[in-house]
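Observations on the three-dimensional arrangement
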Amino acid sequence: VRIAGHATSVSLEPAFWQALSEIASRRDLSLNALLSQIDAERTGNLSSAIRLFVLASCRGELAGAGPRS
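Residues numbered from 1 in each chain as written. Predicted model: local features only at pLDDT ≥ 70, side-chain atom pairs only at ≥ 80, totals over all residues. Heavy atoms only, no water.

Comments concerning the overall build of the protein chain
Along the protein chain, the regular secondary structure elements total three helices and two strands. Relative to its 69 residues, the protein chain shows a buried fraction of 28%. The contacts of the protein chain with a sequence gap of at least 6 include a subset with a gap of at least 24, amounting to 51%. Approximately 4500 Å² of the protein chain is accessible, and the part contributed by carbon and sulfur atoms is 52%. (Helix = DSSP H or I, 4+ residues; strand = E, 2+ residues; numbered from the N terminus. Buried < 20%, exposed > 50% of the residue type's maximum accessible area, 1.4 Å probe, protein only. Contact = heavy atoms within 4.5 Å. Areas by Shrake-Rupley, 256 points an atom, 1.4 Å probe, with all protein chains shown as cover.)

Structure below.
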């Protein structure tokens, strides 16, 4: 993926990639744009930040996360 113009690799399980793609789609963002937002707000490891973001989104804890399904 490219974040802030730099190529980087991220290791995630397929379920997290799928959920991240669905969240990006609901927000009308590209996957890279959503990853850039997560990257800008993280304090630790990017893979962990993504997993926590997906979890928070599924729990409806994020602004604009939409209804839980």
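Quick look at the confidence of the model for the protein chain
When the pLDDT values of the protein chain are averaged, the result is 88; 88% of them are 70 or greater. Element-level mean pLDDT values for the protein chain span from 85 in strand β1 (residues 2-3) up to 96 in helix α1 (residues 14-26). (pLDDT = per-residue confidence, 0-100.)

Some thoughts on helix α3 (residues 46-58)
A rise of 1.5 Å per residue sets the reference length of α3, with its 13 residues, at 18 Å; its end C-alpha atoms lie 18 Å apart and thus fit the reference within 8%. Taken residue by residue, α3 has L46, S47, A49, I50, F53, V54, A56 and S57 as its buried positions. Elements in contact with the buried residues of α3: β1, α1 and α2 (31-41). Where α3 begins, one side-chain oxygen reaches toward the backbone nitrogen of S47, 2.7 Å away; that side chain belongs to N45. Just past α3, the residue G60 takes up positive phi, approximately 75°. (Expected span 1.5 Å × (residues − 1). Polar contact = N/O pair within 3.5 Å; in protein donor to acceptor, adjacent residues only side chain to side chain.)

Points about the environment of L55
Along the chain, L55 falls in helix α3. For the pair L55 and F16, spaced 39 residues apart in sequence, the C-alpha separation works out to 9.2 Å.

Quick notes on the nonpolar core
The tendency in soluble globular proteins is for nonpolar side chains to be buried as a group. Residues L20, L34, I38, I50, F53 and V54 are the most contacted members of the largest nonpolar core, which totals 15 residues. Examining the composition of this core, we find that five residues originate from one element, α3, more than from any other. Excluding residues within four positions of it along the chain, I50 makes contact with V10, L12, L20, L35 and I38. (Core = buried A, V, L, I, M, F, W, Y, C linked by side-chain atoms within 4.5 Å.)

Brief notes about the packing of aromatic side chains
Tallied over the full model, the rule gives zero aromatic pairs. In this structure, R51 is placed above the aromatic ring of F16, and the distance from its NZ or CZ to the ring centre is 5.7 Å. (Phe/Tyr/Trp six-rings, centres within 6.5 Å; stacked < 30°, edge-to-face > 60°. Lys NZ or Arg CZ within 6 Å of the ring centre and 35° of its normal.)

Looking at the environment of I38
Here I38 shows up in helix α2. Residues I38 and I3, spaced 35 residues apart in sequence, show a C-alpha to C-alpha distance of 9.8 Å. Here I38 is in contact with L20, A49, I50 and F53, once residues within four sequence places are set aside.

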